[in-house]
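For reference, the chains in residue letters:
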Amino acid sequence: MRFDVVTLFPELFSPLLTVGIARRAFESRQVDVRLTNPRDFASGHYRRVDDRPFGGGPGMVMLAQPLELALAHIRAQRSDAAPVVLFSPIGRRLDHSAVQRWSSGSGAILLCGRYEGIDQRFIDSHVDEQISLGDFVLSGGEIPAMALLDAVARLQPGVLSDSDSHQMDSFNPTLDGLLDCPHYTRPEEWSGQRVPEVLLSGHHGQIERWRRDQRLLLTARHRPDLLEAARRDGRISRQDETVLALPR
Ligand code: 9WO
């Protein structure tokens, strides 16, 4: 799949593309990321990409014209009708099921806004979808774009070291709708705190049951909304309910 990113700051993407486990998906071009800077399509001696807002007010607004030329340049390279995605708090919240859909698609054109925003006429003419990471404001759309690319990259076959473990419901904290269990590593005692004995026991059945219990209890305490959704989807067994009903 191919993701074209339209950004005034393409250098922000280097660490994403060259460091960590997701990098494998990018370097192998399983997830082919192309960066386009609208400044390269700006005119005049100063190659302006922004201007003052009509009606007054603070800050600057991204010009529609360099963005449209950048988009035309990308469209000329792509043979598909990839959707144009804008990252903004107006959009639908990104979640794991949306990431799964993006990870099995053919890509998109990711538009990263800066300054106070983008001329609304460009949005009305060219943006197909808006995606939000939550109800807060950033200084640009680059971090949300990187969040989507990272989430998509780690779902590519062979990218996670424990190959494809994310695809197995019982290993995936989001596929079956429960939070992940706590993790422990060496030493067995740290700062006066011992690792739960069951994890040292070597009883794989007991370990799996303990992890399931932890996930159920953690989800009940911190995200009762997720537990309700898991119940509605039939993902909570009778044995699970027994654990949840125990007094704590
Ligand atoms: C910001 C904004 C705030 C409230 C309602 C609508 C909005 N649209 C935008 C917008 O398009 N902003 C551009 C990208 C330009 C300013 C910096 N940008 C941005 C994106 N800030 N915060 C986000 C963002 C994106 C996804 N999830 C959370 C925040």
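See the structure printed just above.
These lines cover the structure that appears in this document, whether it is placed above or below.

Here is what the cut-offs are and how they apply
- Residues numbered from 1 in each chain as written.
- Predicted model: local features only at pLDDT ≥ 70, side-chain atom pairs only at ≥ 80, totals over all residues.
- Heavy atoms only, no water.
- Core = buried A, V, L, I, M, F, W, Y, C linked by side-chain atoms within 4.5 Å.
- Buried < 20%, exposed > 50% of the residue type's maximum accessible area, 1.4 Å probe, protein only.
- Helix = DSSP H or I, 4+ residues; strand = E, 2+ residues; numbered from the N terminus.
- Contact = heavy atoms within 4.5 Å.
- Expected span 1.5 Å × (residues − 1).
- Arc of directions from axis to C-beta.
- Pairing = 2+ DSSP bridges.
- Near = heavy atom within 4 Å.
- Polar contact = N/O pair within 3.5 Å; in protein donor to acceptor, adjacent residues only side chain to side chain.
- Areas by Shrake-Rupley, 256 points an atom, 1.4 Å probe, with all protein chains shown as cover.
- 1 Å grid on protein atoms, 1.4 Å probe; cavity = no way out; pocket = protein on both sides within 12 Å on 5 of 7 lines; lining within 4 Å.
- Sits in = over half its atoms within 2 Å of the grid points.
- Nonpolar A, V, L, I, M, F, W, Y, C, P; charged D, E, K, R; others polar.

1. Some points on the nonpolar core
Right, so step 1: Core analysis: the largest hydrophobic core is formed by 29 residues, its most contacted members being Phe 3, Phe 13, Phe 26, Trp 102, Leu 110 and Leu 149.
Right, so step 2: Elements supplying a minimum of two residues to this core: strand S1 (2–6), helix H1 (14–18), helix H2 (23–27), strand S5 (84–93), helix H4 (96–103), strand S6 (107–111) and helix H6 (142–153).
Right, so step 3: Top contributing element to this core by residue count: H6, with seven residues.
Right, so step 4: For Leu 149, the contacting residues outside a window of four places in its chain are Phe 3, Val 5, Phe 13, Leu 16, Phe 26, Val 33 and Leu 110.
Right, so step 5: Judged by nonpolar contacts, the second largest core, of 18 residues, contains Val 6, Leu 71, Leu 111 and Val 127.

2. Remarks on helix H3 (residues 64–77)
Right, so step 1: The end-to-end C-alpha distance of H3, which contains 14 residues, comes to 20 Å, matching closely the 20 Å that a straight helix rising 1.5 Å per residue would cover.
Right, so step 2: Those residues of H3 that sit buried are Pro 66, Leu 67, Ala 70, Leu 71 and Ile 74. Along the long axis of H3, the arc covered by the buried residues comes to 135°, so they all point the same way.
Right, so step 3: Elements that come into contact with the buried residues of H3 comprise S1, strand S2 (32–36), strand S4 (61–62), S5, S6 and helix H5 (120–126).

3. Regarding the pairing of S6
Right, so step 1: Along S6, five of the five residues are buried, which leaves the element largely enclosed by surrounding structure.
Right, so step 2: Going residue by residue along S6, you find Gly 107, Ile 109 and Leu 111 tucked away on one face and Ala 108 and Leu 110 tucked away on the opposite face as well.
Right, so step 3: Direction of pairing for S1 relative to S6: parallel, over a ladder of five bridges. In the sheet register, Asp 4 faces S6, and the bridge partner there is Ile 109.
Right, so step 4: Pairing of S5 with S6 involves three bridges; the strand directions are parallel. By the bridge assignment, Val 85 is partnered in S6 with Leu 110.

4. Digging into the site of the ligand
Right, so step 1: Around the ligand, the surrounding shell holds 18 residues, and the nearest of these are Phe 87, Tyr 115, Leu 133, Phe 136 and Leu 138.
Right, so step 2: Here a nitrogen atom of the ligand and a backbone polar atom of Leu 133 are 2.8 Å apart.
Right, so step 3: Measuring from a nitrogen atom of the ligand, one finds a backbone N or O atom of Leu 138 at 2.9 Å.
Right, so step 4: Contact with the protein chains covers 81% of the free accessible surface of the ligand, which is 580 Å².
Right, so step 5: Spatially, the ligand is embedded in the second largest pocket.
Right, so step 6: The set of elements that each furnish at least two residues to the shell around the ligand consists of S5 and strand S7 (129–132).
Right, so step 7: Sorting elements by how many residues they give to the shell around the ligand places S5 first, with four residues.
Right, so step 8: When the residues that make up the shell around the ligand are grouped by side-chain class, the tally is 10 nonpolar, seven polar and one charged.

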